[in-house]
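# Examining the three-dimensional arrangement
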Amino acid sequence: EAFAQLKFQDYSFFEMVSLQAQTLLLEGRPGPTPPGLAKLCQSMTRLKVHDIRLFEIILAHVSEHWYDYPATSLAQIGSALSPLMPRQEL
């Protein structure tokens, strides 16, 4: 969040955070909390770091474990990612 407020675009830092979050979420290990994931999504969106793979993994995790996510975290993740994610035409 501090990186986003300062508009400090250190892409290597976000790449490291992204890889760690992806690994922990895919392996089902404890680590990233719902509020932490929401802040990560908001920060990456604010700095225009569009890591679609990470965002898809986060959304898949939300889909499987929606009951663990507070409503505020769900709203923050949704508002951060909805403009970025590919849409399916009906």
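The structure contained in this document is the topic of the report that follows. This structure is a prediction, so every number in the text was calculated from the model and none was measured. (Residues numbered from 1 in each chain as written. Predicted model: local features only at pLDDT ≥ 70, side-chain atom pairs only at ≥ 80, totals over all residues. Heavy atoms only, no water.)

The next thing to look at is the side chain of S18. Of note, S18 is situated in helix α2 (residues 11–27). Judged by relative accessible area, S18 falls into the buried class, the value being 3%. (Helix = DSSP H or I, 4+ residues; strand = E, 2+ residues; numbered from the N terminus. Buried < 20%, exposed > 50% of the residue type's maximum accessible area, 1.4 Å probe, protein only.)

Tallied over the full model, the rule gives 1 salt bridge. Put simply, R29 and E27 hold a salt bridge, and the shortest N to O gap is 3.2 Å. (Salt bridge = Lys/Arg side-chain N within 4 Å of Asp/Glu carboxyl O.)

Moving on, we get to unusual backbone geometry. Residue K48 is not a glycine yet carries a positive backbone phi of 60°. Checked against the element boundaries, K48 lands in the loop between α3 (34–46) and α4 (52–64).

Okay, the environment of W66 next. Assignment of secondary structure puts W66 in the loop between α4 and α5 (71–81). For W66, a relative accessible area of 56% puts it in the exposed group. In this structure, the C-alpha to C-alpha distance between W66 and P34, residues 32 residues apart in sequence, is 9.7 Å.

Here the focus is α2. Between the first and last C-alpha of α2 there are 24 Å, a value that for 17 residues agrees with the 24 Å anticipated at 1.5 Å per step. Within two residues after α2, G28 carries a phi angle of roughly 75°, on the positive side. (Expected span 1.5 Å × (residues − 1).)

Before going further, it helps to examine the packing of aromatic side chains. The final tally for this structure, using the stated rule, is 2 aromatic pairs. Measuring from centroid to centroid gives 5.6 Å for F13 and F14, while their planes differ by 75°, and the two rings are edge-to-face. A residue is classified by how much of its surface remains accessible, and F13, at 28% relative accessible area, is partly exposed. Here the aromatic rings of W66 and Y67 are separated by 5.8 Å at their centres, their planes lie at 75°, and the arrangement is edge-to-face. In this pair, the class of W66 matches that of Y67, namely exposed. (Phe/Tyr/Trp six-rings, centres within 6.5 Å; stacked < 30°, edge-to-face > 60°.)

Turning our eyes to something else, we now look at the nonpolar core. Grouped together as the largest cluster of nonpolar side chains are 20 residues, with contacts concentrated most on C41, M44, L54, F55, I58, I77 and L81. Breaking this core down by element, the ones donating at least two residues are α2, α3, α4 and α5. Once residues within four sequence positions are removed from consideration, M44 is found in contact with F14, V49, D51, L54 and F55. (Core = buried A, V, L, I, M, F, W, Y, C linked by side-chain atoms within 4.5 Å. Contact = heavy atoms within 4.5 Å.)

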